[in-house]
Amino acid sequence: MPKSPINFQVNAGDGQARAGVLRTRRGELETPVFMPVGTVGSVKATRFEQLEANDLDARIILGNTYHLWLRPGIETIRACGGLHKFIGWDRALLTDSGGFQVWSLGDLRKISEEGTEFRSHVDGSRQFLSPEVSMDIQAALGSDIVMVFDECAPGQAPSNEARQSMELTARWASRSRQRFDVLQSEGLDTGRVEGTTLTGAQALFGIVQGASHMDLRRESLNRTVDIGFDGYAIGGLSVGEEKSVMWEVVGEIGPLMPVDRPRYLMGVGTPEDLLAGVALGVDMFDCVLPTRNGRTGQAFTSRGKVNIKNSQWTTDTRPLDEACHCSVCQRHSRAYLRHLYMSGEMLAGILLTHHNLAFFLDTMRRVRQSIRSGKFTQFRQEFTDMVNSGAD
Ligand SMILES: [Zn+2]
């Protein structure tokens, strides 16, 4: 078998849900997997030792092309030996392409065939991002999985507008592939790892767009698969459309995606969303919810959300989640966490974020076990019933 940048094997299935192993040039990870988001090279409020600790054991995290490019800048990261060395993380890294961040700038951007012009949120300077620039940046970052540069249409975009956006995404996917291949052949990727059974090169994932239009989504998938990528993502969801529309798209496209490649649902979601995605055959997820909500005083637990600000926890000596084995739940009470939060202590955000990440990662561990033992549907039902039973 010819060497490839990644190796993906599905070794158990239950309905459309699948469990497998994704081997990257920086270690193995089991799927379905949740990937904590480290936008500027930091999973907010979390030390890397904690990400590696047994109660989290995150095998892959995200970095963000747009943010790292604007600050500290690619020359800085290249001079420091790439993103892994710069941030002190040896495990796998996936970088998004910047397409989504530029899209979310709204009227501050101008799209042309060549790429997107916009003003930096850091210093207001005029910047230009294109498929080629995005591939150059991601090679300098040296991430293990690179995303193509795409154009995202709003969730409610009418058919003609969504078609133009989808076709532009397809042309940009081709240009991303071409530039990526040149960079790999010239050895310009800072994260190369030689001496494994893999090629040591970066892997490149394509992104399916097409808003809420199924014909466009199917066409986008076909065109993306025709170009050929190491994995495939569904993008442009969770961008203002109804949740039912999102699941309609994933339900239609998920099962049509190549069975032998990882399937990644970008930017999703709550614990219940992860289970819904897994049920439709998705292997990879990322979301800012566990970290962002942790910083604003909200914990995800097996009995639903806990708002640590509520006065009902003032003297509650129980942990955030009595079913959780994380180091925060083993040591601290809701009363103490509430006290920290109300006092404005930064430790509140750190501890809540740790628990939230543990909850997301442990949920995925249990999802994988349930798929392997053919009990995913039962697990999902029990999980959902428990979450809906409410924290008390
Ligand atoms: Zn916990």
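Everything below is about the structure printed above this text.
Procedures and definitions
Residues numbered from 1 in each chain as written. Predicted model: local features only at pLDDT ≥ 70, side-chain atom pairs only at ≥ 80, totals over all residues. Heavy atoms only, no water. Donors = N, O, S within 2.8 Å, 3.2 Å for Na, K, Ca; no water. Tetrahedral: all angles 85-135°; square planar, octahedral: opposite > 155°, others 65-115°. Pairing = 2+ DSSP bridges. Helix = DSSP H or I, 4+ residues; strand = E, 2+ residues; numbered from the N terminus. Axes fitted to C-alpha atoms, helices over the stretch in contact; angles between N-to-C directions. Contact = heavy atoms within 4.5 Å. Core = buried A, V, L, I, M, F, W, Y, C linked by side-chain atoms within 4.5 Å. Buried < 20%, exposed > 50% of the residue type's maximum accessible area, 1.4 Å probe, protein only. Phe/Tyr/Trp six-rings, centres within 6.5 Å; stacked < 30°, edge-to-face > 60°. Lys NZ or Arg CZ within 6 Å of the ring centre and 35° of its normal. Parallel < 35°, antiparallel > 145°, perpendicular 65-115°, else oblique. Left-handed = near helix turned anticlockwise from the far one by under 90°. Nonpolar A, V, L, I, M, F, W, Y, C, P; charged D, E, K, R; others polar. Salt bridge = Lys/Arg side-chain N within 4 Å of Asp/Glu carboxyl O.

Asker: Give me the lowdown on the coordination of the zinc ion, citing residues and values where you can.
Answerer: The coordination sphere of the zinc ion contains the protein donors Cys324 (SG), Cys326 (SG), Cys329 (SG) and His355 (ND1), at a distance range of 2.1 to 2.3 Å. Around the zinc ion, the four donor atoms are arranged such that angles at the metal cover 100 to 119 degrees; this shape is classified as tetrahedral. For the zinc ion, all donor residues lie on one chain, and their spacing in sequence is C-x1-C-x2-C-x25-H.

Asker: Just give me the short version of the sheet that holds strand 13 (residues 263–265), but keep the residues and values in it.
Answerer: Overall, parallel pairing links the eight strands, which are arranged 4-14-13-12-11-10-6-5 in an open sheet. The open sheet terminates on both sides in strands that have one partner only, identified here as strand 4 (33–36) and strand 5 (60–64). For this sheet, the mean angle separating the axes of adjacent strands, direction not counted, is 25 degrees. Sheet contacts for helix 7 (residues 159–185): strand 10 (145–147) and strand 11 (203–208); angle to strand 11, the most-contacted strand, approximately 175 degrees. Across the sheet, helix 8 (residues 214–227) is in contact with strand 11 and strand 12 (231–234); its angle to strand 11 comes to roughly 160 degrees.

Asker: How would you explain the sheet that holds strand 8 (residues 116–119) if you had to name every residue and give the values?
Answerer: Strand order in the open sheet formed by three strands is 7-8-9, with antiparallel pairing between adjacent strands. Each edge of the open sheet is held by one strand with a lone partner, namely strand 7 (109–111) and strand 9 (126–129). Pairs of neighbouring strands in the sheet enclose a mean axial angle of 20 degrees, with direction left out of account. Where strand 8 lies against strand 9, four bridges are found, and the strand directions are antiparallel. The residue of strand 9 that forms the bridge with threonine 116 is leucine 129.

Asker: Before we move on, can you summarise the nonpolar core with the specific residues and values?
Answerer: The biggest cluster of nonpolar side chains holds 108 residues, and the ones touching the most others in it are Phe34, Leu51, Leu94, Val250, Tyr264, Leu265 and Met284. For this core, the element with the most residues is helix 14 (residues 346–372), which contributes 11 residues. The contacts of methionine 284, once residues within four sequence positions are left out, are Leu22, Val33, Met35, Leu94, Ile145, Phe205, Pro262, Arg263, Tyr264 and Leu265. Of all hydrophobic cores here, the second largest spans six residues; its members include Ala157, Met166, Ala211 and Leu216.

Asker: Mind laying out the packing of aromatic side chains, listing which residues take part and the relevant values?
Answerer: For the structure shown, the criterion picks out 10 aromatic pairs. Pairing phenylalanine 34 with phenylalanine 360 gives two aromatic rings, centres 5.0 Å apart and planes at 55 degrees, and the pair type is tilted. Of this pair, phenylalanine 34 sits in strand 4 while phenylalanine 360 sits in helix 14; the two residues are 326 residues apart in sequence, bridging distant segments of the chain. The class for phenylalanine 360 is buried, based on a relative accessible area of 1%. Members of the aromatic cluster, joined through ring pairs, are Phe34, Phe300 and Phe360. Its guanidinium or amino end placed over the ring of tryptophan 313, arginine 334 lies 4.8 Å from that ring's centre, counting from NZ or CZ.

Asker: Can you break down the packing of helix 10 (residues 271–279) against helix 14 residue by residue, with the values?
Answerer: Relative to each other, helix 10 and helix 14 sit at 30 degrees, their axes nearing to 11 Å. Compared by their axis directions, helix 10 and helix 14 come out roughly parallel. Read as a crossing pair, helix 10 and helix 14 show a hand that is right-handed. Facing helix 10, whose interface residues are Pro271, Leu274, Leu275 and Val278, helix 14 presents Phe359, Phe360, Thr363, Met364, Val367 and Ile371. The class makeup of the residues in the contact of helix 10 with helix 14 is nine nonpolar, one polar and no charged.

Asker: Provide a residue-level description of the pattern of salt bridges, including the pertinent values.
Answerer: Considering all chains together, one arrives at 25 salt bridges under this definition. The salt bridge involving aspartate 144 is made with arginine 25; its shortest N-O contact spans 2.7 Å. With aspartate 144 in the loop between helix 6 (131–141) and strand 10 and arginine 25 in the loop between strand 2 (17–24) and strand 3 (27–31), the pair connects residues that are 119 residues apart, well separated along the chain. For the pair shown, aspartate 144 and arginine 25 are each scored as buried. Here arginine 78 makes a salt bridge to glutamate 75, at a shortest N to O gap of 3.4 Å.

Asker: How would you summarise helix 10 if you had to cite specific residues and measurements?
Answerer: When you tally the buried positions in helix 10, you get seven out of nine residues, the bulk of the element. Of all the positions in helix 10, only Pro271, Asp273, Leu274, Leu275, Ala276, Gly277 and Val278 are classed as buried. Two residues or fewer after helix 10 comes glycine 281, characterised by a positive phi angle close to 95 degrees.

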